[in-house]
Amino acid sequence: MQLPTKWVSFALASILALTTAGCSTKTDNANLAENSAKNGQPTKLVFLTSGDAAAKSIQPGDRIIAEINKRLGIDLEVRTVPEGGYEKISVAMASGDMPDVVTINYPSASVSQWISEGLLVPLNDYFPVMPTAKAKIEANFKGTAVDGKYYGYPFVELDRSNQALAYRADWLETLGLKPPETLDDFYQTMKAIATQDPDKNGKADTYGLTGVKSTGFNSSFNFVFFAYGLPYSDWALDNGGKVIPIFEHPAFKQGVQYIHKLWSEKLIDPEFLLNDTQQREQKFYQSKVGFMAPALYRHVNRLETSLQKVNPNGKLGFMAPPAGPEGKRGLAQAPKSGLFTAITKSAKNPEKAAKFIEFMLSKEGRDLLELGIEGVHYTKQGDKITYNEEERAKDNFASNGWSHPLAWGSVVWPLTETYLPQTEPQADRAKQSVEIASKYMVPNLVSTTTPEEIERGSVINELANQYYLDMITGKKDIDSGLTELSKKWREQGGDKVLEAVNKAYLAQKNK
């Protein structure tokens with residue numbers, strides 16, 4: 001990937017502001033490795049990753065970092081960029097100032113480029129010291145190998161989801177309504193929320209549904225397409241068994257017509273395209289909207305308590321997606337993307353780097369990152385854990401029993417580990433939300449992402465998204481819009497993508 005010089009210079013300046021944690025200052029890698037070997041000092045190991053927005057920063061003198069250093073015989077420096085700031089990680093790698101271990105989004109053009117340029121070390125030779133990583137890769141991620149070699153630990157959450165429809169349960173009680181079971185029920189509920197003053201403020205200022213801005217088809221409303229029978233999250237099949245884009249499946253047109261109806265009757269928040277996650281939640285708390293499709297699980301209690309700070313009588317409800325005419329349902333899209341943690345060619349001691357990745361995945365590592373040091377951050381009597389919040393705060397653990405900053409956003413997420421602290425006030429509801437969301441997770445037709453999708457995806461996805469938005473908002477006629485979209489999508493690279501995806505689909509079928 002060739003980057004403009006001006007942009008590289010600006011981004012490199014940003015990298016200097018990366019948050020760091022560790023005991024030693026930056027020195028020349030070769031000299032450090034040589035001196036460490038001579039003096040028996042711990043191996044310096046730099047870990048560059050994207051942080052978690054819900055986590056605090058790692059501070060100098062962090063006792064969890066010190067404990068990791070002690071157990072692994074390393075001198076760990078953690079560099080983080082803001083959550084989702086993967087372009088800064090790519091720039092750091094391109095600059096030549098590479099870390100020993102790096103985490104980035106996956107699949108991505110960056111990962112493909114790093115592998116082709118020999119910047120990553122295959123893990124295969126280090127599997128003897130990575131039993132947890134090896135088992136997880138061989139069980140779930142065999143398809144990520146390149147010529148039989150695994151160039152990193154790929155993490156994609158395959159089995160669980162935390163996305164379900166959330167609603168103002170207090171509003172439905174006020175209106176005398178039950179959670180909607182079907183699309184017809186959902187429409188009637190949206191209409192009641194928009195016209196019957198559920199917050200009793202005497203104003204017609206409420207909407208049924210809101211969402212967030214998106215670069216692809218708006219996932220906030222995808223449950224409508226799945227209800228009409230769209231069978232997969234990524235692609236569809238035509239009558240001849242060939243892969244086609246989902247907007248050419250009949251369910252897509254029906255879904256657009258339904259969403260357009262909600263829009264034209266002013267049942268959808270007209271500003272949903274301006275919303276980020278926080279703005280969407282604020283509208284929910286401020287009695288502007290009745291339904292949204294957020295991440296739940298560990299957020300169930302946070303969402304309800306935040307709602308009740310604004311509306312003391314507010315209640316959070318969550319439900320399965322409504323069923324379509326034939327009883328079909330779906331909401332969360334099964335992911336094909338996630339994280340990738342790898343060892344770079346600059347690693348001073350690749351085996352130590354491999355042991356660090358293994359530690360982050362192992363039960364020993366998870367216990368340390370989630371609970372802390374026994375007798376310091378928590379005590380245990382039988383199965384009961386008592387969290388020492390005062391000591392945990394000194395090492396920037398999240399409050400109320402939640403984890404150390406290094407715990408999430410590097411190799412796993414809380415959902416994967418089904419981790420909830422014993423102090424979680426709504427643990428049962430949190431688990432229930434995952435059961436509902438996971439039950440209605442919609443599978444993918446093709447399990448892998450092709451290089452052509454990575455290369456051309458942003459252009460053709462943006463085109464499809466723009467047509468989709470224009471159709472649901474009435475700026476384009478639905479029938480002519482779908483016809484134009486099919487033509488332009490192929491002209492702008494979709495034909496090449498379809499060719500590659502069809503090959504991948506056939507290879508998958510013939511395994």
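The structure this text deals with has already been given above.
Scope of this entry: the structure provided in the associated data block. (Residues numbered from 1 in each chain as written. Predicted model: local features only at pLDDT ≥ 70, side-chain atom pairs only at ≥ 80, totals over all residues. Heavy atoms only, no water.)

### Concerning the overall build of the chain
Let me state the cut-off plainly: Helix and strand assignments come from DSSP, with helices taken as H or I runs of at least 4 residues and strands as E runs of at least 2, each series counted from the N terminus. Every radius of gyration here is taken over C-alpha atoms, with the globule rule written as 2.2 Å times N^0.38, N being the number of residues. In this scheme, a residue with accessible area under 20% of its type's maximum is buried, one over 50% is exposed, and one in between is partly exposed, where area comes from a 1.4 Å probe on protein chains only. In summary, the charge assignment counts Lys and Arg as positive and Asp and Glu as negative, without counting His or the chain termini. For this purpose, a charge sits on NZ of Lys, CZ of Arg, CG of Asp or CD of Glu.
A tally of regular secondary structure across the chain gives 19 helices and 15 strands. Relative to a compact globule of 511 residues, whose C-alpha radius of gyration would be 24 Å, the chain shows 25 Å and is just as compact. The principal-axis extent of the C-alpha atoms belonging to the chain is close to 75 × 55 × 45 Å. Out of the 511 residues belonging to the chain, those deemed buried represent 52%. For the chain, the distance from the average position of its 58 positive side-chain charges to the average position of its 61 negative side-chain charges is 0 Å.

### Examining the packing of helix α3 (residues 63–72) against helix α13 (residues 350–361)
Just so we agree on the cut-off: Helix axes are fitted to C-alpha atoms over the stretch in contact, other axes to C-alpha atoms as well, and angles between N-to-C directions run from 0 to 180 degrees. By definition in this entry, angles of less than 35 degrees are roughly parallel, angles greater than 145 are roughly antiparallel, angles of 65 to 115 are roughly perpendicular, and the rest are oblique. Rotating anticlockwise by less than a right angle from the far helix to the near helix defines a left-handed crossing, while the corresponding clockwise rotation defines a right-handed one. Note on contacts: a residue pair qualifies if any of its non-hydrogen atoms lie within 4.5 Å across the two residues. Residues are grouped as follows: Ala, Val, Leu, Ile, Met, Phe, Trp, Tyr, Cys and Pro are nonpolar; Asp, Glu, Lys and Arg are charged; all remaining types, including Gly, are polar.
Close contact between α3 and α13 brings their axes to 11 Å; oriented N to C, the two are set at 125°. Compared by their axis directions, α3 and α13 come out oblique. Crossing geometry of α3 relative to α13 is assigned as right-handed. Residues Ile68, Arg71 and Leu72 of α3 lie in contact with α13, whose contacting residues are Lys352, Lys355, Phe356 and Phe359. Here the residues of the contact of α3 with α13 are counted per class, giving four nonpolar, no polar and three charged.

### Here's the deal with the environment of lysine 476
With respect to the secondary-structure elements, lysine 476 resides in the loop between α18 (451–472) and α19 (478–509). The class of lysine 476 is partly exposed, set by a relative accessible area of 27%. Along the backbone, lysine 476 and valine 243 are 233 residues apart, and their C-alpha atoms lie at a distance of 26 Å. If we skip the residues at most four places from it in the chain, lysine 476 touches Tyr467, Asp470, Met471 and Glu484.

### Some words on the packing of aromatic side chains
Inclusion rule: Put simply, two rings from Phe, Tyr or Trp (the six-membered ring, in Trp's case) pair if the centres are within 6.5 Å, and we call them stacked under 30 degrees between planes, edge-to-face over 60, tilted for the rest.
Going through the model one piece at a time under the given rule, you end up with 16 aromatic pairs. With a centroid separation of 6.2 Å and 85° between ring planes, the pair formed by phenylalanine 141 and tyrosine 153 is classed as edge-to-face. One end of the pair, phenylalanine 141, is in the loop between α6 (131–140) and β6 (153–155); the other, tyrosine 153, is in strand β6, with twelve residues separating them in the sequence. Each of the two residues, phenylalanine 141 as well as tyrosine 153, counts as buried. Taken together, Tyr167, Phe186, Phe223 and Phe291 form an aromatic cluster joined through their ring pairs.

### Examining helix α17 (residues 427–439)
To keep things clear, this is the line we draw: An expected span of 1.5 Å times one less than the residue number is assigned to each helix.
Across its 13 residues, α17 extends 19 Å between first and last C-alpha, which sits within 8% of the 18 Å expected from 1.5 Å per residue. For α17, the set of buried residues is Ala427, Ala430, Ser433, Val434, Ile436 and Ala437. Structurally, α17 contributes buried residues whose contacts are with α12 (300–310), β12 (316–319) and α16 (414–417).

### Some remarks on the packing of α18 against α19
At a closest axis distance of 9 Å, the pairing of α18 and α19 adopts a crossing angle of 175°. The angle between α18 and α19 falls in the class roughly antiparallel. Across the contact of α18 with α19, the residue classes tally to 13 nonpolar, four polar and six charged.

### Description of the pairing of strand β4 (residues 101–106)
To keep it simple, the criterion reads: DSSP calls a pair of strands paired once it identifies at least 2 bridges connecting them.
The element β4 is extensively covered by neighbouring structure, given that five of its six residues are classed as buried. Sheet topology note: the strand β2 (residues 43–50)/β4 ladder contains two bridges and is parallel. Paired with phenylalanine 47 across the bridge in β4 is valine 101. Here β4 runs beside strand β13 (residues 338–344); their pairing, made up of six bridges, is antiparallel. Bridge pairing in β13 links asparagine 105 to leucine 339.

### Some details on the nonpolar core
As a reminder of what qualifies: Here the nonpolar core consists of buried residues drawn from Ala, Val, Leu, Ile, Met, Phe, Trp, Tyr and Cys, with membership extended through side-chain atoms lying within 4.5 Å.
Grouped together as the largest cluster of nonpolar side chains are 58 residues, with contacts concentrated most on Phe186, Trp235, Phe291, Tyr468 and Trp489. No other element matches α19, which puts nine residues into this core. Core analysis: the second largest hydrophobic core is formed by 54 residues, Val121, Tyr378, Leu415 and Leu420 among them.

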